[in-house]
Structure formats: C-alpha cells, structure tokens
Amino acid sequence: MRKLIGNSWDIVLDKEFRSEYFKNIVYFLVEEYKKYDIYPQKENIFKALQLTDYENVKVVIIGQDPYHGPNQAHGLCFSVPEGVKLPPSLQNIYKELANDLGITIPKSGDLTKWAKQGVLLLNSVLTVRRGTPKSHQNIGWEKFTDSIIEALNRKHTPIVYLLWGNDAKSKGRLISSKDYILQAAHPSPLSAYNGFFGCKHFSKTNTILRKLNLKEIDWKI
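Described in the following lines is the structure provided in the data block. Counting of residues starts from 1 at the beginning of each chain's written sequence and follows it residue by residue. In view of the model being predicted, local features appear only for residues whose pLDDT reaches at least 70, and side-chain atom pairs are presented and counted only at 80 or more, with totals across whole chains, interfaces and linings using the full set of residues. Values reported for side chains reflect all heavy atoms of the structure, with hydrogen atoms and water molecules removed beforehand.

This part covers the sheet that holds strand 6 (residues 180–184). In this description, strands pair whenever DSSP reports at least two bridges between them. Helix and strand definitions follow DSSP, with helices as H or I runs of at least four residues and strands as E runs of at least two, each counted in order from the N terminus. In space, the four strands of this open sheet follow the order 3-2-5-6, with parallel pairing throughout. Lying at the two open borders of the sheet, with one neighbouring strand each, are strand 3 (119–123) and strand 6. On average, adjacent strands in this sheet sit at an angle of 20° to one another, irrespective of strand direction. Note: strand 2 (residues 59–63) against strand 5 (residues 160–164), four bridges, orientation parallel. Among the inter-strand pairings, Val60 is bridged to a residue of strand 5, identified as Tyr161. Across the sheet, helix 9 (residues 201–211) lies against strand 2, strand 5 and strand 6, angled at about 175° from strand 6, the strand it touches most. Here the axes come from fitting lines to C-alpha atoms, over the contacting stretch only for helices, and the angles between their N-to-C directions go from 0 to 180 degrees. Any pair of residues with heavy atoms lying within 4.5 Å of one another is described as a contacting pair.

Turning our eyes to something else, we now look at the nonpolar core. To form a nonpolar core, buried Ala, Val, Leu, Ile, Met, Phe, Trp, Tyr and Cys residues must be joined to one another through side-chain atoms within 4.5 Å. Partly exposed describes any residue whose relative accessible area lies between the buried limit of under 20% and the exposed limit of over 50%, with all areas from a 1.4 Å probe on protein chains only and scaled to the type maximum. Ranked by internal contacts, the top residues of the largest apolar core, which has 71 residues, are Trp9, Trp114, Leu120, Trp141, Phe144 and Leu152. With six residues, helix 7 (residues 141–152) is the single largest residue contributor to this core. Once you skip the residues sitting within four places of it in the chain, Trp114 turns out to touch Ile61, Ile93, Leu97, Val119, Leu121, Phe202, Asp218, Trp219 and Ile221.

Cysteine sulfurs are considered disulfide-paired once they come within 2.5 Å of each other. A complete count under the given rule lists zero disulfides for this structure. No disulfide involves Cys77; its sulfur sits 14 Å from that of Cys199, the nearest cysteine. Residue classification places Cys77 among the buried positions, given a relative accessible area of 0%.

Turning our eyes to something else, we now look at the packing of aromatic side chains. To describe a pair of aromatic rings, you give the distance between the ring centres and the angle between the ring planes. Side-chain rings of Phe, Tyr and Trp, where Trp is taken by its six-membered ring, are said to pair if the distance between their centres is within 6.5 Å; with planes under 30 degrees apart they count as stacked, over 60 as edge-to-face, and otherwise as tilted. Inspection of the entire model under this criterion finds 18 aromatic pairs. Through a chain of ring-to-ring contacts, three or more aromatic side chains come together here, namely Phe78, Trp114, Trp164, Tyr193, Phe196, Phe197, Phe202 and Trp219.

This paragraph deals with the pairing of strand 3. Counting buried positions along strand 3 yields five of five residues, so the element is predominantly enclosed. Of the strand pairs in this sheet, strand 2 and strand 3 are connected by five bridges, and their pairing is parallel. What sits directly across from Ile61, in strand 3, is Leu121.

Written as structure tokens, this is what we have:
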C-alpha cells in the first residue's frame, strides 16, 4: 500500500493510487514541476486529505482548482496561508459568514481550523500552473476527486456538501441520496451577488449537524 496521505485515506484510495490514470498524473506532474512554477508545493497537494481524515469528514466544500498566484495555494480550497492577502472569493465567503452568523471578518485566510473540525476543503483539480487557471484540467484529477466522493458515499453518517458554482455543482451527480446538498452561486465577485450572498450555508450546515447529533462547526477563524 502506498502511503501518500499518512492516514486512513491511504487505505480508502489505495485502488486509485495503484491505477494507471493516477500513475499518468504522477508522470505528468514530475515534468510540470521541472518546467514550470506549479501550485501548490508538492508536499501540499494532498493537504485537504491529510488534515481531514476519512472518518472525520462531516462537511465537504468543493472548489475548482488551486489559486494560481505566488504563495497563495496550500492545498485547501479557497484557503491561503497566514499573512497572504485575502483573495476576492475568500473575502466574499467571509462577508457571507459575517452576515449569516455575525462573525467578525477574519484577517487570516488560513482555513486549517475548519479542516481540523471535519470540513474537507477539496478542489476538483489539485494542481495548477502559475498564472494559468484550469491548466491541469483533464489530466486525471477530476476522476481522482470523483473517487473521493464515491468513497465518502460509503460512510454511514450523512455528510453536508456545500456546492458553490457550476463546477462544484457538477459533482452533485455523484453524491449519495443519504447526504445533504446545499447549492449556491460561486463566491467570486462575478457571481456572488447572483445567489451566494444570503445563502446562509454556514448556519444551515450547523442546523443539519445538530439534527444528526454531530458537533457543529465553529466557523470562526
């Protein structure tokens, strides 16, 4: 068994790691990291899985692909490391958080605290070239992240999925009927006013978790 993650995801995804398509992703990335600036750094590609073990997943937020600017991407969708300027989408997520729960807008964009509480912050595509969004689409990542959702379908406890924007919503077809799906527009400045602001997904998520007798997420950063 390959130990890429360091927790039970290694067992859950063992078949994927041994598959031909995953080997092709690895071969592709070896060359890409040689030739280009690729984000996130290699050690952070699977950070979402490393911070949120399979057994602990209660909520899933699905992003598109990593931020493509220097020092931004660190393996968690919508998140940036401590000290990095908040990207526009994250600013809007924080505005909705403030409007929904009255939480003061954080200065830090690091969402690790969410991940450690069971919020899987998963991008559909896990790597990107600097300055070129969607540059690693169709190399196999979509199949890999589909397999993550299919694995989560086997959990007995229902999961809450937050699907923001069309790319995230396209994953909805894979999600088990036992799970809860909350959908809204993407939080980017282009679409946030068309159905992201006012979605109240943070309070709705905690309402569902209470109903399931699960610990609520403390959304404060």
